[in-house]
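Letter by letter, the chains look like this.
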Amino acid sequence: MYDFIMSSRYNHNQETTHRSIIPCVASKLLVLVCDYVPGLSSYFFWNHEIDALKNRSFKEDMTITPLPLPKEVFGIEEPMKIDGLEIFDHKNKEYNPIPEKQKFLCARDFTEAYSARRITPTQVCEKLIDNINQSCSEACDPPLYGMYQYHQDDIMAQAEASTTRYIQEQSLGPLDGVPVAIKDELDVEGYETQLGTSFFNRGNPASRDAFLIKKLKDQGAIIIGKTNMGFGITTSNPNMHITRNPYNSDHYCGGSSGGSACVVSSGLCPIAIGCDAGGSIRIPSSFCGIYGLKPTYGRISSTGDFQLCNSVGVAGPMAACVDDLALTYYAVAGQDAEDPKTLFQPSPTLHGIHHTNTLSDLKIGIFSEWNKQVVDPAITYALQTFINEFKLRGAEFIEIDIPELEDARIAHLITVTSEFCTTMNGYKKYLHLLSPLNIVNIATYNNMNASDYIKAQHVRTRMMRNISVIFSGVNLILTPTCAITAPPICPRALKYSGIGEIDSSVTSNGMMYTHLANFIGIPAITIPAGYNDKDLPIGLQFMAKWYDEAMLLRIAKASEEILGCKRRKPSEKYWFGDLL
């Protein structure tokens with residue numbers, strides 16, 4: 001779900017971390033007041049300054065879907081070399097295993113163990129089911145609640161099929177037998193796609209897999225079930241559970257793909273799928289110390305993805321290591337005849353992602369004034385540390401300016417909330433079952449009209465052109481992923497777990513750097529970059545031009561090498577990754 005109410009504007013002089021929380025019980029009263037006081041929701045709307053575009057005029061045409069068309073205008077070309085899953089061949093000399101001291105299990109660990117007959121997918125999944133049960137039980141004290149729906153019989157049936165393939169030496173590839181978890185926004189045959197609510201598809205399980213899920217199954221991946229889908233950027237979900245951060249269970253794991261980040265970070269599985277409309281892959285990945293890729297809009301099919309926000313939302317991989325992120329991305333990317341927006345893309349490629357010894361061919365843009373707006377100084381330290389390391393490998397850093405960021409923030413907010421409200425207004429008889437804060441959100445943003453949405457799309461055109469000009473001079477843009485690390489769970493959110501909470505400063509600081517990629521459709525990646533003094537993970541974000549995911553995966557691979565043995569797993573209490 002998407003809790004955007006009262007997220008504040010960018011503040012170039014931000015120095016505090018004051019938490020502006022709407023108390024849980026007060027939010028319930030707020031719903032009642034909105035119902036009976038005419039004009040109150042309109043007041044929230046105007047006070048939110050979303051009307052900042054109302055009296056503006058724009059010369060640009062509208063861009064409803066952020067596809068870079070015509071391609072030649074945006075510098076989109078067919079890749080010169082198509083490298084695919086063959087680069088993960090075990091005999092490939094370019095493959096560099098992750099150091100043992102900070103080992104998160106990756107897909108290759110599973111497939112090598114299966115091929116060597118040290119263990120079978122069946123045995124792995126038997127232990128995995130036990131670990132899922134434990135992670136969601138009071139024995140964990142408190143439970144992580146990363147997984148939401150999982151069908152043990154289905155998991156074991158997939159595992160048995162994979163075991164048979166390995167016995168017959170007929171593996172389907174580098175994902176065969178590898179556990180993968182799915183955010184509860186994508187259709188998985190036999191599972192209800194509930195989107196974190198108590199009413200979507202209740203009693204109506206999906207009759208077929210989403211296109212993305214089918215492609216994973218075609219590679220032999222074992223789909224272990226659905227992950228908890230959080231509310232806003234915190235996974236404070238009053239309909240299900242609060243998903244906790246494996247690095248500190250008193251902190252949130254981020255959202256709305258928080259469950260997916262949690263299960264990867266805690267070692268339950270090496271790969272998960274999330275969805276991202278304003279940062280929902282990158283924010284929880286950053287908070288939980290893993291890798292997350294938000295692909296180009298239209299790069300991965302949305303067939304079977306219950307998109308709440310059609311023109312900004314995309315699905316993408318989240319993983320413990322870069323190679324898993326890359327192979328999962330490549331396995332699910334590409335054209336789908338049922339999804340027209342995927343038909344314009346150049347061929348996906350992984351060419352060059354392991355070329356990390358030198359970065360002398362890379363120009364990386366930094367907007368220093370924007371990057372300074374972080375709340376936690378440890379983020380600035382991590383950013384500068386990585387800049388220095390990239391320079392040692394030959395990368396050139398260029399100071400850039402991204403004009404009209406505030407217009408883009410407002411226009412993204414108008415776009416995402418208009419599309420969200422349009423979707424939810426089709427289920428009016430169930431809206432009372434949402435959290436009080438989401439009810440207020442919908443009432444507030446229903447004050448927007450067609451003119452607001454149209455002007456936001458004019459801004460989108462302008463921003464796409466602005467960023468295209470920037471990418472004519474740089475290969476990448478580097479920012480923090482978030483201005484904060486994982487926020488603490490408010491005690492009132494636990495006491496009144498059926499109501500939820502919203503913290504405007506957490507929302508604005510969490511989304512400060514992530515919204516732009518969604519709004520204009522470019523790909524972005526978050527990489528683990530260290531920890532603050534509370535041992536909470538820090539993430540850095542790279543953005544690239546449309547369809548240049550290979551460039552992002554290359555810089556992520558270099559970043560993985562730089563962090564090296566300084567990367568660490570969660571405490572043993574919340575580590576469930578000893579599966580082999």
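Reading the values: rules and limits
Residues numbered from 1 in each chain as written. Predicted model: local features only at pLDDT ≥ 70, side-chain atom pairs only at ≥ 80, totals over all residues. Heavy atoms only, no water. UniProt positions renumbered as here; feature names shortened; annotations may be inferred. Helix = DSSP H or I, 4+ residues; strand = E, 2+ residues; numbered from the N terminus. Buried < 20%, exposed > 50% of the residue type's maximum accessible area, 1.4 Å probe, protein only. Areas by Shrake-Rupley, 256 points an atom, 1.4 Å probe, with all protein chains shown as cover. Pairing = 2+ DSSP bridges. Axes fitted to C-alpha atoms, helices over the stretch in contact; angles between N-to-C directions. Contact = heavy atoms within 4.5 Å. Expected span 1.5 Å × (residues − 1). 1 Å grid on protein atoms, 1.4 Å probe; cavity = no way out; pocket = protein on both sides within 12 Å on 5 of 7 lines; lining within 4 Å. Points joined across faces, edges and corners; volume = space filled by probe spheres on them. Nonpolar A, V, L, I, M, F, W, Y, C, P; charged D, E, K, R; others polar. Polar contact = N/O pair within 3.5 Å; in protein donor to acceptor, adjacent residues only side chain to side chain. Salt bridge = Lys/Arg side-chain N within 4 Å of Asp/Glu carboxyl O.

- Identification of the protein as Amidase signature enzyme from Gigaspora margarita is taken from an unreviewed UniProt entry.
- The UniProt entry for the protein carries the following comment under Sequence similarities (unreviewed entry): "Belongs to the amidase family."

### Quick notes on the overall build of the protein
Argument step 1. If you tally the helices and strands in the protein, you get 18 helices and 15 strands.
Argument step 2. Out of the 580 residues in the protein, the part that is buried amounts to 65%.
Argument step 3. Of the accessible surface of the protein, which amounts to about 21100 Å², a share of 51% is contributed by carbon and sulfur atoms.

### Quick notes on the sheet that holds strand β9 (residues 314-319)
Argument step 1. On the basis of which strands lie adjacent, the open sheet formed by 11 strands has the order β2-β4-β3-β7-β9-β8-β14-β15-β12-β10-β11 and mixed pairing. Among the strands making up the open sheet, the edge pair consists of β2 (147-149) and β11 (396-399). Between one strand and the next, the sheet's axes are offset by a mean angle of 35°, whatever the strand orientation.
Argument step 2. With 2 bridges connecting them, strand β8 (residues 291-294) and β9 associate as antiparallel partners. Bridging across to β9, Y291 finds its partner in A319.
Argument step 3. Sheet contacts for helix α7 (residues 258-265): β2, β3 (179-183), β4 (222-227), β7 (271-276) and β9; angle to β7, the most-contacted strand, approximately 155°.

### A closer look at helix α12 (residues 405-424)
Argument step 1. Between its first and last C-alpha, α12 extends 28 Å over 20 residues, near the 28 Å set by a 1.5 Å rise per residue.
Argument step 2. Burial analysis of α12 places 18 of its 20 residues in the buried class, which makes it a mostly covered element.

### Quick notes on the layout of surface pockets
Argument step 1. As a volume, the largest pocket reaches approximately 700 Å³.
Argument step 2. Lining the largest pocket are 26 residues, and of these P79, K545, D548, A550 and M551 lie nearest its centre.
Argument step 3. With 4 residues, helix α18 (residues 549-563) is the largest single contributor of residues to the lining of the largest pocket.
Argument step 4. Its residues placed into classes, the lining of the largest pocket shows 11 nonpolar, 6 polar and 9 charged.

### Notes on the environment of D154
Argument step 1. If you trace the backbone, D154 turns up in helix α5 (residues 152-167).
Argument step 2. With relative accessibility at 29%, the residue D154 sits in the partly exposed group.
Argument step 3. Here the side chain of D154 touches Q158 through a polar contact of 3.0 Å, side chain to side chain.

### Some remarks on the side chain of Q194
Argument step 1. With respect to the helices and strands, Q194 occurs in the loop between β3 and α6 (211-218).
Argument step 2. Setting aside chain neighbours within four positions, we find Q194 in contact with Y148, Q149, D184, F200, R202 and M240.

### Looking at the pairing of strand β14 (residues 524-531)
A regular strand carries its side chains on alternate faces of the sheet.
Argument step 1. The buried count for β14 comes to 8 of 8 residues, which makes it a mostly enclosed element.
Argument step 2. As paired elements, β8 and β14 share 3 bridges and run antiparallel to each other. In the sheet register, K294 faces β14, and the bridge partner there is A524.
Argument step 3. In this structure, β14 lies alongside strand β15 (residues 537-543), joined through 6 bridges in antiparallel fashion. Residue pairing for β15: T526 is matched across the bridge by Q541.
Argument step 4. Here β14 hands over to β15 after 5 residues, with D535 in that stretch at a positive phi of 65°.

### Focus: helix α13 (residues 436-445)
Argument step 1. Counting buried positions along α13 yields 8 of 10 residues, so the element is predominantly enclosed.
Argument step 2. Along α13, the residues that are buried comprise P436, L437, N438, V440, N441, I442, T444 and Y445.

### Some words on the pattern of salt bridges
Argument step 1. Inspection of every chain in the model, using the stated rule, returns 22 salt bridges.
Argument step 2. We note a salt bridge from D361 to R554, for which the minimum N-O separation is 2.9 Å. Residue D361 is found in the loop between α9 (322-332) and β10 (363-366), and its partner R554 is found in helix α18; the two are separated by 193 residues along the sequence.
Argument step 3. Residue class for D361 comes out partly exposed when judged on its relative accessible area of 48%.
Argument step 4. One salt-bridge network, held together by shared partners, links E60, E404 and R462.

### Digging into the environment of A277
Argument step 1. Mapped onto the elements of the fold, A277 is located in the loop between β7 and α8 (282-287).
Argument step 2. A residue is classified by how much of its surface remains accessible, and A277, at 3% relative accessible area, is buried.

### Some points on the pairing of β10
Argument step 1. In this sheet, β11 lies alongside β10 in parallel orientation, the contact comprising 4 bridges. Each bridged residue has a counterpart across the sheet, and for K363 the counterpart in β11 is E396.
Argument step 2. Across 2 bridges, the pairing between β10 and strand β12 (residues 476-480) is parallel. Residue pairing in the sheet places G365 in a bridge with I477 of β12.

### A look at the side chain of T356
Argument step 1. Residue position: T356 is located in the loop between α9 and β10.
Argument step 2. Separated by 2.8 Å, the side chains of T356 and E561 make a polar contact.
Argument step 3. T356 has contacts with R393, R554, K557, A558 and E561, leaving out every residue within four places of it along the chain.

### Remarks on unusual backbone geometry
Argument step 1. The omega torsion across D141 and P142 is -5°, close enough to zero to call that bond cis.
Argument step 2. One can find P142 in the loop between α4 (121-135) and β2.
Argument step 3. The omega angle of the peptide bond from G255 to S256 is 5°, so this bond is cis rather than trans.
Argument step 4. Phi angles above zero are rare outside glycine, and Y145 is one such case at about 55°.
Argument step 5. Of note, Y145 is situated in the loop between α4 and β2.
Argument step 6. Positive phi, close to 65°, is recorded for D535, a residue that is not glycine.
Argument step 7. Within the secondary structure, D535 sits in the loop between β14 and β15.

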